[in-house]
There are 2 protein chains.
Amino acid sequence: MLLLFVKLCIIIETAALGAAKKFRGNKMKNVIVGQSGGPTSVINSSLLGVFKTAKDRGADTVYGMVHGIKGLLDGDIVDLSARIKNDLDMDLLKRTPSSFLGSCRYKLPDIKGNEDTYDKIFAILKKLEIYAFFYIGGNDSMDTIMRLTDYAEKIKSPIKFIGVPKTIDNDLAVTDHTPGYGSAAKYIATTTKEIIRDGLVYDYPVVSVVEVMGRNAGWLTAACALAKGEDCEGVDLIYLPEVTFDVDKFVKDVGKLLKEERSVVIAVSEGVKVADGRYVCELSDHVDYVDAFGHKQLAGTARYLAGKVAEKYGVKTRAIELSSLQRCAAHIQARIDVTEAFNCGGAGVKAAFEGKSGKVITLKRVSEDPYMCITEEADVHLIANVEKKVPREWITDDGTNVKPELVHYILPLIQAEITPLWINGLPRHIRLHANSLKK
Amino acid sequence: MLLLFVKLCIIIETAALGAAKKFRGNKMKNVIVGQSGGPTSVINSSLLGVFKTAKDRGADTVYGMVHGIKGLLDGDIVDLSARIKNDLDMDLLKRTPSSFLGSCRYKLPDIKGNEDTYDKIFAILKKLEIYAFFYIGGNDSMDTIMRLTDYAEKIKSPIKFIGVPKTIDNDLAVTDHTPGYGSAAKYIATTTKEIIRDGLVYDYPVVSVVEVMGRNAGWLTAACALAKGEDCEGVDLIYLPEVTFDVDKFVKDVGKLLKEERSVVIAVSEGVKVADGRYVCELSDHVDYVDAFGHKQLAGTARYLAGKVAEKYGVKTRAIELSSLQRCAAHIQARIDVTEAFNCGGAGVKAAFEGKSGKVITLKRVSEDPYMCITEEADVHLIANVEKKVPREWITDDGTNVKPELVHYILPLIQAEITPLWINGLPRHIRLHANSLKK
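What counts, and where the lines are drawn
- Residues numbered from 1 in each chain as written.
- Chains lettered and ligands numbered in written order.
- Predicted model: local features only at pLDDT ≥ 70, side-chain atom pairs only at ≥ 80, totals over all residues.
- Heavy atoms only, no water.
- Helix = DSSP H or I, 4+ residues; strand = E, 2+ residues; numbered from the N terminus.
- Buried < 20%, exposed > 50% of the residue type's maximum accessible area, 1.4 Å probe, protein only.
- Contact = heavy atoms within 4.5 Å.
- Areas by Shrake-Rupley, 256 points an atom, 1.4 Å probe, with all protein chains shown as cover.
- Least-squares fit on C-alpha atoms with pLDDT ≥ 70 in both.
- Buried area = accessible area lost by both parts, 1.4 Å probe.
- Salt bridge = Lys/Arg side-chain N within 4 Å of Asp/Glu carboxyl O.
- Polar contact = N/O pair within 3.5 Å; in protein donor to acceptor, adjacent residues only side chain to side chain.
- Nonpolar A, V, L, I, M, F, W, Y, C, P; charged D, E, K, R; others polar.
- Right-handed = clockwise from strand over helix to strand, strands pointing away.
- Pairing = 2+ DSSP bridges.
- Core = buried A, V, L, I, M, F, W, Y, C linked by side-chain atoms within 4.5 Å.
- Axes fitted to C-alpha atoms, helices over the stretch in contact; angles between N-to-C directions.
- Parallel < 35°, antiparallel > 145°, perpendicular 65-115°, else oblique.
- Left-handed = near helix turned anticlockwise from the far one by under 90°.
- Expected span 1.5 Å × (residues − 1).
- Disulfide = S-S within 2.5 Å.
- pLDDT = per-residue confidence, 0-100.
- Phe/Tyr/Trp six-rings, centres within 6.5 Å; stacked < 30°, edge-to-face > 60°.

Asker: It is not clear to me how the overall build of chain A should be interpreted in this structure. Could you clarify?
Answerer: Tallying secondary structure elements over chain A gives 13 helices and 13 strands in all. Buried residues in chain A amount to 62% of all 439 residues. Across chain A, the fraction of contacts at a sequence separation of at least 24, relative to all contacts at a separation of at least 6, is 77%. About 17,200 Å² of surface is accessible on chain A, with carbon and sulfur atoms providing 53% of the total.

Asker: What is the right way to look at the relation of the copies chain B and chain A in this model?
Answerer: In this arrangement, two copies of a chain are superimposed by a rotation about an axis accompanied by a shift along the axis. By a simple turn and slide, chain B fits onto chain A: the slide is 0.0 Å along the axis, the RMSD is 0.0 Å, and the turn is 180°. Here the transformation between the copies is reduced to the relation of a two-fold axis. A shared interface surface links the copies, since 100% of the contact residues of chain B are contact residues in chain A too.

Asker: Is there a simple way to think about the interface of chain B and chain A in this case?
Answerer: The accessible area lost on association of the parts is a frequent measure of interface size. In this complex, chain B contributes 84 residues to the contact, which on the side of chain A involves 84 residues. With both sides pooled, the region where chain B packs onto chain A buries about 7,400 Å², and carbon together with sulfur makes up 54% of that total. Taken together, the links from chain B to chain A amount to 8 salt bridges. Across the pair K70 of chain B and D203 of chain A runs a salt bridge whose closest N-O atoms are separated by 2.7 Å. Our enumeration of links across chain B and chain A arrives at 37 residue pairs in polar contact (both at pLDDT 80 or more). Of all the secondary-structure elements, those providing two or more residues to the side of chain B that touches chain A are α7 (181-199), β8 (263-269), α10 (301-313), β9 (316-321), α11 (325-328) and β13 (426-427) of chain B. Per-element tally for the side of chain B that touches chain A: the top contributor is α7 of chain B, with 10 residues. When its residues are assigned to classes, the side of chain B that touches chain A shows 32 nonpolar, 25 polar and 27 charged.

Asker: Is there a simple way to explain the pairing of strand β2 (residues 59-65) of chain A in this structure?
Answerer: Successive side chains on a regular strand alternate, one facing one side of the sheet and the next facing the other. Residues and elements named next belong to chain A. The buried count for β2 comes to 6 of 7 residues, which makes it a mostly enclosed element. Since strand β1 (residues 29-35) and β2 lie parallel, the crossover through helix α2 (residues 43-56) that links them has a hand, and here it is right-handed. Relative to strand β3 (residues 77-79), β2 is paired through 3 bridges, and the arrangement is antiparallel. In the sheet register, G64 faces β3, and the bridge partner there is V78.

Asker: Explain the nonpolar core here, please?
Answerer: Nonpolar side chains in soluble globular proteins tend to end up buried together. Counting residues in each nonpolar core, the largest one holds 88 residues, and the members touching the most others are Y181 and I410 of chain A together with Y181 and I410 of chain B. Dropping the residues within four chain positions of it, I410 of chain A is found in contact with Y181, A185, W219, A222, A223 and L226 of chain A.

Asker: For this particular structure, what's the right way to read the environment of L258 of chain A?
Answerer: All names here are of chain A. Tracing the backbone shows L258 in helix α9 (residues 247-258). Residues L258 and V50, spaced 208 residues apart in sequence, show a C-alpha to C-alpha distance of 52 Å. With near-sequence residues (within four places) excluded, L258 lies in contact with P205, V207, V264, Y313 and V315.

Asker: Sorry, what's going on with the sheet that holds strand β7 (residues 237-239) of chain B here?
Answerer: Backbone hydrogen bonds hold the strands of a sheet together, and the pairing may be parallel or antiparallel. Residue and element names in this part refer to chain B. An order of β7-β8-β6-β9 is seen for the 4 strands of this open sheet, with the pairing classed as parallel. At either end of the open sheet lies a strand with only one pairing partner, and these are β7 and β9. Shown here is a sheet whose adjacent strand axes are inclined to one another by a mean of 15°, direction ignored. Pairing of strand β6 (residues 206-212) with β9, which is carried by 6 bridges, proceeds in the parallel orientation. Each bridged residue has a counterpart across the sheet, and for V209 the counterpart in β9 is A319. On top of the sheet, helix α9 (residues 247-258) reaches β6, β7 and β8; it is set at about 165° to β7, its chief contact. Against the sheet, α10 contacts β6, β8 and β9, and its axis sits at roughly 175° relative to β9.

Asker: Just checking my understanding: could you explain the packing of α9 of chain B against α10 of chain B for this structure?
Answerer: If you want to describe how two helices pack, look at the angle between their axes and the distance between the axes. All names here are of chain B. Packing of α9 against α10 brings their axes to within 10 Å, and their N-to-C directions diverge by 60°. The angle between α9 and α10 places the two elements in the oblique class. Like other packed secondary-structure pairs, α9 and α10 cross with a definite hand, here right-handed. For the pair formed by α9 and α10, the contact residues are V247, F250, V251, K252, V254, G255 and L258 on the first element and Y304, L305, K308, V309, K312 and Y313 on the second.

Asker: What exactly am I supposed to notice about the pattern of salt bridges here?
Answerer: Once the charged atoms of two side chains with opposite charge are near each other, the side chains can pair. Residue and element names in this part refer to chain A. One pass over the full model with this rule turns up 48 salt bridges over all chains. A salt bridge links K249 to D253; its shortest N-O distance comes to 2.8 Å. Placement of both K249 and D253 in helix α9 is noted, with a separation of 4 residues, approximately one turn of the helix. In this structure D253 comes out as buried when scored by relative accessible area, which is 12%. Through salt bridges that share partners, K350, E354, K356 and E377 make up one connected network.

Asker: Can you walk me through helix α10 (residues 301-313) of chain A in this structure?
Answerer: Side chains that are three or four residues apart share a direction in an α-helix, a result of its 3.6 residues per turn. Taking 1.5 Å of rise per residue, 13 residues should cover 18 Å, and α10 of chain A covers 18 Å from first to last C-alpha, within 8% of that figure. Turning to α10 of chain A, its buried residues number three or more, namely T301, A302, R303, Y304, L305, A306, G307, V309 and A310 of chain A. Turning to α10 of chain A, the residues buried within the fold contact β6 (206-212), α9, β8 (263-269) and β9 (316-321) of chain A together with α10 of chain B. Phi for G314 of chain A, located one or two positions after α10 of chain A, is positive at around 65°.

Asker: Would you explain the state of the cysteines in this entry?
Answerer: A covalent bond bridging the sulfur atoms of two cysteines is what the word disulfide describes. Residue and element names in this part refer to chain B. Applying the stated criterion across every chain, the model contains 0 disulfides over all chains. For C232, which is in no disulfide, the shortest distance to another cysteine sulfur is to C224 and amounts to 11 Å. Exposure remark for C232: the relative accessible area of 2% places this residue in the buried category. C373 forms no disulfide, and the closest cysteine sulfur to it belongs to C344, at a distance of 8.5 Å.

Asker: Which parts of the structure should I look at to understand the confidence of the model for chain A?
Answerer: Parts of the prediction with low pLDDT should not have their coordinates interpreted in detail. Residues and elements named next belong to chain A. Taken over all residues, the pLDDT of chain A has a mean of 91, while the share at 70 or more is 89%. A low-confidence stretch, residues 8-24 stays under pLDDT 50, and its non-local contacts, those more than four residues away or across chains, total 9 contacts. If you check the scores for this complex, the pTM reads 0.93 and the ipTM reads 0.92.

Asker: Sorry, what's going on with the environment of L73 of chain A here?
Answerer: Residues and elements named next belong to chain A. Its location among the elements puts L73 in helix α3 (residues 68-73). Residues L73 and E270 lie 197 residues apart in sequence; the distance between their C-alpha atoms is 34 Å. Beyond its immediate chain neighbours, meaning those up to four positions away, L73 contacts Y106, T117, K120, I121 and I124.

Asker: Would you mind going over the environment of P165 of chain B with me for this structure?
Answerer: All names here are of chain B. Structurally, P165 can be placed in strand β5 (residues 160-165). Each C-alpha atom of the pair P165 and P179 lies 6.6 Å from the other, and the pair is 14 residues apart in sequence. Residues within four places of P165 in sequence aside, it is in contact with G137, L172, P179, C344, V360 and I361.

Asker: Please explain the packing of aromatic side chains as it appears in this structure.
Answerer: Two measures describe an aromatic ring pair: the distance that separates the ring centres and the angle between the ring planes. Residues and elements named next belong to chain B. Throughout the structure, instances matching the rule amount to 26 aromatic pairs over all chains. Taken together, a centroid distance of 5.1 Å and an interplanar angle of 50° make the contact between F133 and F161 tilted. Here the residue F133 occupies a position in strand β4 (residues 130-137), and F161 occupies one in strand β5, the gap between them amounting to 28 residues. Both residues of the pair, F133 and F161, count as buried.

Asker: Would you take a moment to explain the sheet that holds strand β10 (residues 359-367) of chain B for this structure?
Answerer: Residue and element names in this part refer to chain B. Taken in spatial order, the 7 strands of this open sheet run β3-β2-β1-β4-β5-β10-β11, and their pairing is mixed. At either end of the open sheet lies a strand with only one pairing partner, and these are β3 (77-79) and β11 (372-379). Mean inter-strand twist for the sheet, computed between neighbouring axes without regard to direction, equals 30°. Of the strand pairs in this sheet, β4 and β5 are connected by 6 bridges, and their pairing is parallel. In the sheet register, G137 faces β5, and the bridge partner there is P165.

Asker: In this structure, what is going on with the side chain of S269 of chain B? I would like to understand it.
Answerer: Tracing the backbone shows S269 of chain B in strand β8. Apart from residues lying up to four places away in sequence, S269 of chain B is in contact with V212, M213, G214, T221, Y239, L240, P241 and T301 of chain B.

If you want it as structure tokens, here you go:
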């Protein structure tokens, strides 16, 4: 009788295992995920979305590439389960700025003539028994997914390649917006409100120039427009890189405002250019340094313009660069952004487990009011290397402000909050390698 | 019988009124309050402490000087009850950055030879039937309280003058610390943690130089040391203005770190000076502008030092100026700081209503562990125009970091949080004049 019971148990258990296997697509799956390009406040929520959804859907090992595809090539790979161990780790991961796995700006070479690089990658993936490969990044990083997809097709590899979007710049094609943008916009708008209040503290004229990130697209700078409301005067002038900048007209416009207002606040993108194509900061005679990639350090636009105003009108000016805090101020996250970032990661896993490849997860706004967004999938070839700018019709004709349509577009993306886990007075984070990345 | 009952009621009511009058010091009192110098995140909590405590203790009208003593002289005075109407207004006031009443940097002239100015002030105060005058400010503003106290004594005026301390710089004498410092330190430490994580995102060397406010005292820059902890590597080098800066040694020290670490993070005060007394930012050949007060714009120290490092080692560098956000980032307030700021305002009223004058409210740390602080009163002559620097023994011998004693001193001051009132995705503020300060 006891024996029969044990046998029955074994039968039931086997049946259950079979069901699980079926749920898991009939065989065990390892997946790998990497982060690439500049970080956002919520890039780790997308990582969590990939990790948790893959585990929930029956993946065996979720590997992480340390410093993206470059780390993969160098064999720098971790088992994420050993690093994200429990619910607390997951909640810390959501709130941790910078890319948990580290990032890279490495772009894969053309397939033609570089087959050895691709063969090496696919050999590593095969050895790790990888079913699907996820890459969280912007339009440069989607180039990696596109090339790997193309090579997989060429060599008839069954590995699935899926892109998960992120960028504070919001310059990705097809998707309504990108995870990371909402939190950056919330940080920028919050800070701008504070700067506007601060600018009114004294009884003499002050001109504040706030410099916002965005080399080619003005989405981030446009977020300064959100400051205006029942309790705030808002910024006076907003300059996006989509419109050619005219220094003389700028100085005149500020002069007009100074006749009416005590405190003038201006938002300007680091990427604004004059008619001959030079960046405004390049007009300064002060030579700033050039970074390791040959990118000219653009910081200095606000300083240059503040100097012009001080020179012309003799008023107090302030140049405020929001700097890298725009991409790492995780103490201000938009909850909607955290959720959408997680969902994009999770939807990526769902797509791969349904057998899809060569896709980038996108967000589609299915309702304006109330705001509702769902995930979709787009062909990576439509997204890689394409840059989405602010439509000219969302900028005022004179190019010194944005239209209500743009505010209406951004506002839902900064909604709701997620509280930092404050420990001993500071937000708690989680690290991949405690103390080993730095002595 | 009914008549007797009514009579009895009248007697009881009269007695109650008498008790209330006694509680209010036997006669009606008007008070006036102003804010002066640079704002802090909690300067409006001190304003609320004065307003609410004065009303609770029976003051009739609480007047506010708009733009401090300068506004008083110009007749720019408001009745605060008309502006702070209910509990919601009070909670918004606590969370609003910048000085609600506006501020000034106006210093009263010497009494001798300028009696007309003082007579004018006292005439205005007499006309408003002012019992007590409260001034929320730093050591410059306490000079105003000192002079008014001295003049009141000279002309035998019964008006009480009380100083309520504030400054993010924490450079006030006698008091353990100043309201405003804790929240600024919390903002600086939080931001520094985020910058440290962000600096480790790539796999190549990066040197980040974070520039912190503080012309003569290094208290704010020292707050960067709080970033170090179980989850954070901390900053590598900290330079306060209390120690003479050596550019060559700095470059060498960074070089040593670059041999061991991928990401080097440095905190430097805007006020660091080299041996010949020049500010480090003055070493640059780039001429920044001079503000309306003839103060040289010091912003540029981080940029100068980052340039030196880039030049020498060819690594990627970042110069990050925390700028005026240090004094206005009200979205990060330390609750302990908000409470102490309120209490200092309230204790000022209590002192005045007890008949005291010529006092500044100070904070005394009565217990280290657990941290406990009480308010006391100090003679204004001991505080006005005196600057408290970081003790040399709290800085390491080589002047490149702070000692644990300094961290131990700051840590209790950044504890606990107060959540912004998030409305439509942004922190809500309250304004004195809706839309009238700016068209």
